[in-house]
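# Survey of secondary and tertiary structure
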Amino acid sequence: MALRNVRKNGDPVLRKKAEQVNRFTPGLQQLLDDMAETMIDSEGAGLAAPQVGISKRVIVVRDEDAILELVNPVIASSKGNVVDYEGCLSFPGIYGEVSRAEHVQVTGLDREGKEVRLNAKGFLARVFQHEIDHLEGILFVDRASHILTPEELEKLREKS
Ligand code: CO
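To start, this report covers the structure provided alongside it. (Residues numbered from 1 in each chain as written. Predicted model: local features only at pLDDT ≥ 70, side-chain atom pairs only at ≥ 80, totals over all residues. Heavy atoms only, no water.)

With that settled, the discussion passes to helix α2 (residues 122-135). With 14 residues, α2 should reach 20 Å at 1.5 Å per residue; the first-to-last C-alpha distance of 21 Å fits that figure. A large share of α2 lies buried, amounting to 12 of its 14 residues. Restricting attention to buried positions, one finds in α2 the residues Leu-124, Ala-125, Arg-126, Val-127, Phe-128, Gln-129, His-130, Glu-131, Ile-132, Asp-133, His-134 and Leu-135. Of the residues trailing α2, Gly-137 is marked for its positive phi of about 80°. (Helix = DSSP H or I, 4+ residues; strand = E, 2+ residues; numbered from the N terminus. Expected span 1.5 Å × (residues − 1). Buried < 20%, exposed > 50% of the residue type's maximum accessible area, 1.4 Å probe, protein only.)

Structure, rendered in C-alpha coordinates:
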(Lines give C-alpha, C1' and ligand atoms only; values in the text may rest on other atoms or scores of the structure.)
Protein backbone atom coordinates (compact mmCIF):
# COMPACT_ATOMS: atom_id res chain seq x y z
CA MET A 1 0.00 0.00 0.00
CA ALA A 2 1.08 3.54 -0.58
CA LEU A 3 -0.17 7.02 0.09
CA ARG A 4 -1.24 8.95 -3.00
CA ASN A 5 -1.06 12.67 -3.52
CA VAL A 6 -4.46 14.36 -3.00
CA ARG A 7 -5.24 16.75 -5.85
CA LYS A 8 -6.38 20.20 -4.76
CA ASN A 9 -8.97 22.60 -6.15
CA GLY A 10 -7.83 23.92 -9.52
CA ASP A 11 -6.43 20.59 -10.74
CA PRO A 12 -8.28 19.84 -14.02
CA VAL A 13 -8.71 16.14 -13.14
CA LEU A 14 -11.26 17.19 -10.49
CA ARG A 15 -13.51 18.60 -13.24
CA LYS A 16 -13.40 15.61 -15.59
CA LYS A 17 -16.25 13.12 -15.84
CA ALA A 18 -14.70 9.87 -14.63
CA GLU A 19 -14.74 6.68 -16.71
CA GLN A 20 -16.59 3.47 -15.91
CA VAL A 21 -14.45 0.58 -14.69
CA ASN A 22 -14.82 -2.58 -16.78
CA ARG A 23 -11.80 -4.63 -15.68
CA PHE A 24 -11.24 -5.83 -12.13
CA THR A 25 -7.47 -6.03 -12.14
CA PRO A 26 -4.76 -6.07 -9.46
CA GLY A 27 -4.24 -2.41 -10.40
CA LEU A 28 -7.80 -1.61 -9.32
CA GLN A 29 -7.28 -3.42 -6.03
CA GLN A 30 -4.06 -1.49 -5.48
CA LEU A 31 -5.91 1.75 -6.20
CA LEU A 32 -8.62 0.87 -3.66
CA ASP A 33 -6.03 -0.03 -1.01
CA ASP A 34 -4.08 3.17 -1.64
CA MET A 35 -7.24 5.30 -1.57
CA ALA A 36 -8.28 3.81 1.78
CA GLU A 37 -4.82 4.45 3.22
CA THR A 38 -4.76 8.00 1.85
CA MET A 39 -8.25 8.73 3.21
CA ILE A 40 -7.32 7.51 6.69
CA ASP A 41 -3.99 9.34 6.67
CA SER A 42 -5.77 12.58 5.65
CA GLU A 43 -8.56 11.99 8.21
CA GLY A 44 -11.17 12.18 5.48
CA ALA A 45 -14.65 10.65 5.51
CA GLY A 46 -14.45 9.63 1.88
CA LEU A 47 -12.29 9.83 -1.22
CA ALA A 48 -12.99 9.58 -4.95
CA ALA A 49 -10.38 8.33 -7.46
CA PRO A 50 -10.20 11.68 -9.35
CA GLN A 51 -8.89 13.17 -6.08
CA VAL A 52 -5.79 11.02 -6.46
CA GLY A 53 -5.52 11.87 -10.16
CA ILE A 54 -7.28 8.76 -11.50
CA SER A 55 -10.33 9.60 -13.60
CA LYS A 56 -12.22 6.38 -12.87
CA ARG A 57 -15.53 5.68 -11.13
CA VAL A 58 -14.12 4.42 -7.82
CA ILE A 59 -14.84 5.69 -4.30
CA VAL A 60 -14.00 4.75 -0.72
CA VAL A 61 -16.11 5.86 2.24
CA ARG A 62 -15.48 5.49 5.94
CA ASP A 63 -18.33 3.99 7.96
CA GLU A 64 -17.15 4.12 11.57
CA ASP A 65 -14.42 1.44 11.67
CA ALA A 66 -15.27 -0.08 8.31
CA ILE A 67 -14.22 1.11 4.88
CA LEU A 68 -16.79 0.81 2.11
CA GLU A 69 -15.44 0.49 -1.41
CA LEU A 70 -17.57 1.02 -4.48
CA VAL A 71 -16.81 0.77 -8.16
CA ASN A 72 -19.18 2.43 -10.66
CA PRO A 73 -21.44 3.66 -7.82
CA VAL A 74 -24.90 5.02 -8.59
CA ILE A 75 -27.52 6.64 -6.35
CA ALA A 76 -30.40 4.25 -7.04
CA SER A 77 -32.91 6.16 -4.90
CA SER A 78 -32.99 8.98 -2.42
CA LYS A 79 -35.40 10.40 0.12
CA GLY A 80 -35.71 13.50 2.28
CA ASN A 81 -33.52 16.54 2.45
CA VAL A 82 -31.15 17.95 5.00
CA VAL A 83 -28.84 20.96 5.03
CA ASP A 84 -25.56 20.52 6.88
CA TYR A 85 -21.97 21.57 6.47
CA GLU A 86 -19.31 19.55 4.69
CA GLY A 87 -15.73 19.82 3.55
CA CYS A 88 -13.45 18.08 1.07
CA LEU A 89 -9.82 16.91 1.13
CA SER A 90 -9.34 18.82 -2.15
CA PHE A 91 -10.38 22.07 -0.38
CA PRO A 92 -8.34 22.23 2.84
CA GLY A 93 -9.90 24.48 5.47
CA ILE A 94 -13.06 25.23 3.43
CA TYR A 95 -16.51 24.21 4.68
CA GLY A 96 -19.90 24.93 3.19
CA GLU A 97 -23.57 24.30 3.84
CA VAL A 98 -24.98 21.86 1.33
CA SER A 99 -28.46 20.42 0.92
CA ARG A 100 -28.34 16.65 0.43
CA ALA A 101 -30.83 13.77 0.45
CA GLU A 102 -31.20 12.32 3.94
CA HIS A 103 -31.46 8.68 2.84
CA VAL A 104 -29.87 7.12 -0.20
CA GLN A 105 -29.66 3.68 -1.67
CA VAL A 106 -26.37 3.23 -3.52
CA THR A 107 -25.63 0.44 -5.95
CA GLY A 108 -22.31 -0.49 -7.51
CA LEU A 109 -19.69 -3.19 -7.65
CA ASP A 110 -17.08 -4.42 -5.21
CA ARG A 111 -13.37 -4.90 -6.04
CA GLU A 112 -14.15 -8.27 -7.64
CA GLY A 113 -17.01 -6.95 -9.75
CA LYS A 114 -19.82 -8.36 -7.62
CA GLU A 115 -22.96 -6.27 -7.20
CA VAL A 116 -23.33 -4.29 -3.99
CA ARG A 117 -26.37 -2.45 -2.65
CA LEU A 118 -26.06 -0.18 0.39
CA ASN A 119 -28.51 1.92 2.37
CA ALA A 120 -27.18 5.02 4.08
CA LYS A 121 -28.68 7.87 6.04
CA GLY A 122 -27.50 11.12 7.58
CA PHE A 123 -23.77 11.83 7.41
CA LEU A 124 -22.95 8.58 5.60
CA ALA A 125 -25.59 9.35 2.94
CA ARG A 126 -24.05 12.82 2.60
CA VAL A 127 -20.58 11.36 2.06
CA PHE A 128 -21.83 9.00 -0.66
CA GLN A 129 -23.51 11.88 -2.50
CA HIS A 130 -20.38 14.04 -2.18
CA GLU A 131 -18.06 11.28 -3.48
CA ILE A 132 -20.37 10.28 -6.36
CA ASP A 133 -20.54 13.97 -7.35
CA HIS A 134 -16.73 13.89 -7.70
CA LEU A 135 -17.13 11.26 -10.45
CA GLU A 136 -19.16 13.80 -12.45
CA GLY A 137 -16.64 16.57 -11.87
CA ILE A 138 -19.04 18.26 -9.42
CA LEU A 139 -17.46 19.76 -6.31
CA PHE A 140 -19.24 20.59 -3.06
CA VAL A 141 -18.63 24.32 -3.52
CA ASP A 142 -20.85 24.10 -6.63
CA ARG A 143 -23.75 22.95 -4.46
CA ALA A 144 -23.01 24.99 -1.33
CA SER A 145 -25.65 27.56 -0.40
CA HIS A 146 -23.12 29.20 1.91
CA ILE A 147 -19.37 28.93 2.51
CA LEU A 148 -18.55 29.24 6.21
CA THR A 149 -16.74 32.39 7.28
CA PRO A 150 -13.68 32.12 9.58
CA GLU A 151 -15.93 33.17 12.52
CA GLU A 152 -18.50 30.48 11.73
CA LEU A 153 -15.71 27.91 11.39
CA GLU A 154 -14.45 28.87 14.82
CA LYS A 155 -17.91 28.33 16.34
CA LEU A 156 -18.19 24.98 14.62
CA ARG A 157 -14.84 23.87 16.05
CA GLU A 158 -15.92 24.90 19.55
CA LYS A 159 -19.05 22.74 19.23
CA SER A 160 -17.21 19.60 18.15
CO1 CO B 1 -14.49 15.82 -1.82
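Before going further, it helps to examine the packing of aromatic side chains. On inspection of all chains with the given rule, the structure shows two aromatic pairs. Between Tyr-85 and Tyr-95 the ring centres are 6.4 Å apart and the planes differ by 70°, which places this aromatic pair in the edge-to-face class. Of this pair, Tyr-85 sits in strand β4 (residues 82-86) while Tyr-95 sits in the loop between β4 and β5 (96-100), and the two are 10 residues apart along the sequence. By relative accessible area, which is 33% here, Tyr-85 ends up partly exposed. For Tyr-95, a relative accessible area of 29% gives the class partly exposed. Pairing Phe-91 with Phe-140 gives two aromatic rings, centres 5.4 Å apart and planes at 85°, and the pair type is edge-to-face. Residue Phe-91 is found in the loop between β4 and β5, and its partner Phe-140 is found in helix α3 (residues 140-143); the two are separated by 49 residues along the sequence. (Phe/Tyr/Trp six-rings, centres within 6.5 Å; stacked < 30°, edge-to-face > 60°.)

Ranked by size, the top nonpolar core spans 16 residues in total, and within it Ile-59, Val-61, Val-104, Val-106, Ala-120, Leu-124 and Phe-128 carry the most contacts. Of all elements in the fold, only β2 (58-63), β3 (66-79), β6 (103-109) and α2 reach the threshold of two or more residues within this core. It is α2 that provides the largest number of residues to this core, a total of six residues. If we ignore the near neighbours within four places in the chain, the residues touching Leu-124 are Val-61, Arg-62, Asp-63 and Leu-68. Counting residues in each nonpolar core, the second largest holds 13 residues, with Leu-32, Val-58, Val-71 and Leu-109 among its members. (Core = buried A, V, L, I, M, F, W, Y, C linked by side-chain atoms within 4.5 Å. Contact = heavy atoms within 4.5 Å.)

Looking now at the sheet that holds β6. Sheet strands associate in pairs through backbone hydrogen bonding, adopting either a parallel or an antiparallel arrangement. Spatially, five strands are ordered β1-β2-β3-β6-β7 in an open sheet, and the strand pairing comes out antiparallel. The open sheet is flanked by β1 (46-48) and β7 (115-121), the only strands paired with a single partner. Averaged over all pairs of adjacent strands, the angle between their axes in this sheet comes to 40°, without regard to strand direction. Sheet analysis places β6 next to β7, joined by seven bridges and oriented antiparallel. When the bridges of β7 are listed, Leu-109 appears paired with Glu-115. Packed onto the sheet, helix α1 (residues 26-41) meets β1, β2 and β3 and runs at close to 40° relative to β2. Its contacts with the sheet put α2 on β1, β2, β3, β6 and β7, and the angle it makes with β2 is roughly 165°. (Pairing = 2+ DSSP bridges. Axes fitted to C-alpha atoms, helices over the stretch in contact; angles between N-to-C directions.)

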